[in-house]
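Working through the structure, step by step
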Amino acid sequence: MFEQRLEALRRSLADSKLDALLVTHLPHVRYLTGFSGSNGLCIIGKRSRCFLTDNRYVGQAREEARAYRVVITRRSLFEAAAKQPVLSGKTRLGFEGQYLSVAGFATLKKRLPRVTFVQTQSLVERLASVKDAVEVRLIRRAVEISDKVFCRIVEFVRPGMTELDVAAEIGYLHRKFGAEADAFEPIVASGWRGALPHARASTKKIRSGELVTLDFGCRVEGYNSDLTRTVAVGRPTARARRIYQVVLDAQMRAIEAARRGMTAKVLDGVARSHIRKKGYGKYFSHSLGHGLGLQVHEAPRISSLSKDVLQDGNVVTIEPGIYVPGVGGVRIEDDVVIRDNHPEVLTKSPKELLIL
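Throughout what follows, the structure given in this document is the object of discussion. Position numbers for residues start from 1 in each chain and track the written sequence from start to end. Predicted model: local features are reported for residues with pLDDT of at least 70 only, side-chain atom pairs are reported and counted for 80 or more only, and whole-chain, interface and lining totals are derived from all residues. Values reported for side chains reflect all heavy atoms of the structure, with hydrogen atoms and water molecules removed beforehand.

1. Quick notes on the overall build of the protein
Applied cut-off: Labels follow the DSSP assignment, with helices taken as runs of H or I lasting at least four residues and strands as runs of E lasting at least two, numbered in each case from the N terminus. Just to be clear, the radius of gyration here is over C-alpha atoms, and the globule rule we use is 2.2 Å times residues to the power 0.38. Three labels apply to residues, based on accessible area from a 1.4 Å probe with only protein chains included: buried if under 20% of the type maximum, exposed if over 50%, partly exposed otherwise in between. Per-residue and other accessible areas were derived by the Shrake-Rupley procedure at a 1.4 Å probe size, with only the shown protein chains allowed to occlude residues. Charge convention: Lys and Arg are scored as positive, Asp and Glu as negative, and His as well as the terminal groups of each chain are ignored. All charge positions are set by atom: Lys at NZ, Arg at CZ, Asp at CG, Glu at CD.
From N to C terminus, the protein includes 10 helices and 19 strands. Whereas a compact globule of 356 residues would reach a radius of gyration of roughly 21 Å, the protein reaches 23 Å, a difference of no more than 12%. When its C-alpha atoms are laid out on the principal axes, the protein stretches across 70 × 40 × 35 Å. Out of the 356 residues in the protein, the part that is buried amounts to 57%. Surface exposure of the protein reaches about 15900 Å², of which carbon and sulfur atoms provide 51%. Looking at charge distribution, the protein has the averaged site of its 57 positive side-chain charges lying 5 Å from that of its 38 negative ones.

2. Section: the nonpolar core
Here is the rule we go by: Throughout this description, the term nonpolar core refers to a set of buried Ala, Val, Leu, Ile, Met, Phe, Trp, Tyr and Cys residues connected via side-chain atoms within 4.5 Å. Whether two residues are in contact is decided by their heavy atoms: any pair within 4.5 Å suffices.
With 60 residues, the main nonpolar core has Leu 32, Ile 44, Phe 150, Ile 153, Val 166 and Leu 214 as its most contacted residues. Discounting residues that sit within four places of it in the chain, Val 166 has contacts with Ile 153, Phe 156, Val 157, Met 161, Val 188, Ile 206 and Leu 214. One finds Met 262, Ile 302, Leu 310 and Val 330 within the second-largest nonpolar core, a separate group that totals 32 residues.

3. Section: empty space enclosed by the protein
The line we're drawing: A cavity here means a set of points on a 1 Å grid, drawn over the protein atoms and nothing else, where a 1.4 Å probe fits but cannot get out; a pocket is an open set with protein on both sides within 12 Å along at least five of seven lines, and a residue lines either one if it has an atom within 4 Å of a point. Grid points are joined across faces, edges and corners, and a volume is the space filled by probe spheres set on the points. Lys, Arg, Asp and Glu make up the charged group, whereas Ala, Val, Leu, Ile, Met, Phe, Trp, Tyr, Cys and Pro make up the nonpolar group; the residues left over, Gly among them, are polar.
All chains considered together, the criterion is met by 1 cavity of 30 Å³ or more. Per-element tally for the lining of the largest cavity: the top contributor is helix H2 (residues 26-33), with 3 residues. Looking at the lining of the largest cavity, its residues break down into 5 nonpolar, 2 polar and 4 charged.

4. Let's talk about the packing of helix H1 (residues 2-15) against H2
Stated precisely, the cut-off is as follows: To obtain each axis, a line is fitted to C-alpha atoms, and for helices this fit is confined to the stretch in contact; angles are then taken between N-to-C directions over 0 to 180 degrees. Roughly parallel refers to an angle under 35 degrees, roughly antiparallel to one over 145, roughly perpendicular to one between 65 and 115, and oblique to any angle outside these ranges.
Contact geometry of H1 with H2 gives a least axis separation of 8 Å together with a crossing angle of 115°. When the axes of H1 and H2 are compared, the pair comes out roughly perpendicular. Where H1 approaches H2, its residues Phe 2, Arg 5 and Leu 9 are matched on the opposing element by Arg 30, Tyr 31, Leu 32 and Thr 33. Considering only residue class, the contact of H1 with H2 consists of 4 nonpolar, 1 polar and 2 charged.

5. Digging into the sheet that holds strand S1 (residues 20-23)
Within a sheet, each strand pairs with its neighbour through backbone hydrogen bonds, oriented either parallel or antiparallel. Basically, it comes down to this: Between any two strands, pairing holds if DSSP finds at least two bridges.
The mixed open sheet is built from 6 strands, whose spatial order is S4-S3-S2-S1-S5-S6. A single partner strand is all that each edge strand has here, and the edge strands are strand S4 (69-73) and strand S6 (116-119). Averaged over all adjacent pairs, the angle separating strand axes in this sheet is 25°, with direction ignored. One ladder, built from 4 bridges, connects strand S5 (residues 92-95) with S6; its direction is parallel. Residue pairing for S6: Leu 93 is matched across the bridge by Phe 117. Sheet strands touched by H1: S1, strand S2 (41-45) and strand S3 (49-54). Its angle to S2, the strand with the most contacts, is close to 65°. On the sheet, H2 packs against S1, S2 and S3 and is oriented at approximately 55° with respect to S2.

6. What about the state of the cysteines?
Heads up, the condition is: Note on disulfides: each one is a pair of cysteine sulfur atoms within 2.5 Å.
One pass over the full model with this rule turns up 0 disulfides. Cysteine Cys 50 remains unbridged, with the sulfur of Cys 42 as its closest cysteine sulfur at 8.1 Å.

7. A closer look at the pairing of S1
Alternating positions in S1 separate into two faces, Ala 20 and Leu 22 on one and Leu 21 and Val 23 on the other, with burial throughout. Strand direction decides the pairing type here: S1 and S2, joined by 4 bridges, are antiparallel. In the sheet register, Leu 22 faces S2, and the bridge partner there is Ile 43.

8. Quick word on the packing of aromatic side chains
Aromatic ring pairs are described here by two measures, namely the spacing of the ring centres and the angle between the planes. Let me state the cut-off plainly: Only Phe, Tyr and Trp rings take part, Trp by its six-membered ring, and two of them pair if their centres are within 6.5 Å. Stacked means planes under 30 degrees apart, edge-to-face means over 60, and tilted covers everything else. Counted as over-ring charges are cases with an Arg CZ or a Lys NZ within 6 Å of the ring centre that also lie within 35 degrees of the ring normal.
Inspection of the entire model under this criterion finds 6 aromatic pairs. Measuring from centroid to centroid gives 5.3 Å for Phe 35 and Tyr 57, while their planes differ by 90°, and the two rings are edge-to-face. With Phe 35 in the loop between H2 and S2 and Tyr 57 in the loop between S3 and helix H3 (58-64), this residue pair connects regions lying 22 residues apart in the sequence. The buried category is assigned to Tyr 57, whose relative accessible area is 12%. Summarising the aromatic geometry, the rings of Phe 95 and Phe 105 are spaced 5.1 Å apart at their centres and angled 35° between planes, so their arrangement reads as tilted. Taken together, the residues span a long stretch of sequence, with Phe 95 in strand S5 and Phe 105 in helix H5 (residues 102-111) at a distance of 10 residues. A relative accessible area of 10% means that Phe 95 is categorised as buried. Grouped by ring-pair contacts, the aromatic residues Phe 35, Phe 51 and Tyr 57 constitute a single cluster. Against the face of Phe 284 rests Arg 272, its NZ or CZ located 4.0 Å from the ring centre.

9. Examining the side chain of Ser 306
For the record, the criterion: Here a polar contact is recorded for every N or O atom pair within 3.5 Å, except that within protein the pair must consist of a potential hydrogen donor and a potential acceptor, and residues adjacent in sequence are included only if both atoms are side-chain atoms.
Its place among the elements puts Ser 306 in the loop between strand S14 (298-302) and strand S15 (315-318). Reaching out from Ser 306, the side chain makes a polar contact with the backbone oxygen of Arg 301 at a distance of 2.6 Å. Beyond its immediate chain neighbours, meaning those up to four positions away, Ser 306 contacts Ala 264, Lys 265 and Arg 301.

10. Describing unusual backbone geometry
A cis geometry characterises the amide bond from Ala 299 onward to Pro 300, with omega recorded as 0°. Following the sequence through the fold, Pro 300 ends up in strand S14. Notably, Glu 221 is not glycine yet its phi reads approximately 50°, a positive angle. By the secondary structure assignment, Glu 221 is in the loop between strand S10 (218-220) and strand S11 (223-224).

11. Quick notes on the side chain of Lys 351
The topology assignment puts Lys 351 in the segment after strand S19 (344-345). Among the polar contacts listed, one links the side chain of Lys 351 to the side chain of Asp 334, at a separation of 2.7 Å. Those residues in contact with Lys 351, other than ones at most four positions away along the chain, are Arg 229, Tyr 244, Leu 248, Gln 251, Met 252, Ile 255, Ile 332 and Asp 334.

Below, the structure is given as structure tokens:
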């Protein structure tokens, strides 16, 4: 698995006329090496590769990064990196500019005066955005756990409990059902707070008649799920039902339309145009979705500004929403694998409006 990724990366290096690539973003380090710790970097050259970490991870690095020459250092990783043979001579070294710290870059520049530094654009991101069968299997496992949590959480939610009560139960159930951790801090937004797309769970008490947006995910062997459902606690208003149906229809249209070769911008437009036609265009304030894998948000980005093209093997979220200030909001999100002929929806939680 890692050899295939390295071969693909080296082809990209050759196309970019680079001799080596310095990878410092930990999700990318994990993608290329398998290392799951909190401190490490790797250097991939034309014929060699090395992984560097500190002495807290001696055993873990040798177990997880087996395809690499492992270097353990007590000094700065960048100081140790500058001494590696792969960076000797007049090397054109690519680096991830959006992730490399200023201090780290300064250290490398000082110690490698003969190296030409070239900021790369999405070399690893493009590779990681297309998931292989193992990656899809791990995401599917994470999704199955979150689906199971949803089924339990709708039995748990009731008027009078706080949003924080619900968020805590989500985190507990994720771990109980086998997840490593939450993928991100669960969003629980009830009533008027549902109009805040990324509302953090609060001490607000859930009231009868309110909509509650539940957005959560978990992690399995590094890979994430991301699920959103909006439910009603008690009888919802006619307006709430109408908004819910608009969002659901927009989401279903977008899922049905998703295909390999389609631009992410066009896919975003499928949902956005439906919501706009129903009179709620100004209340859909975020992009339609994003890639999902070792990071909760990764390529491809599905938005009206995106230049990404969907590929077979992308795993993306499709999550339109309507957010009316002072009233509330609705968001529905599924995790979807892009295929040639028809998208594969991984999430199985029901999408009809549940009245608890």
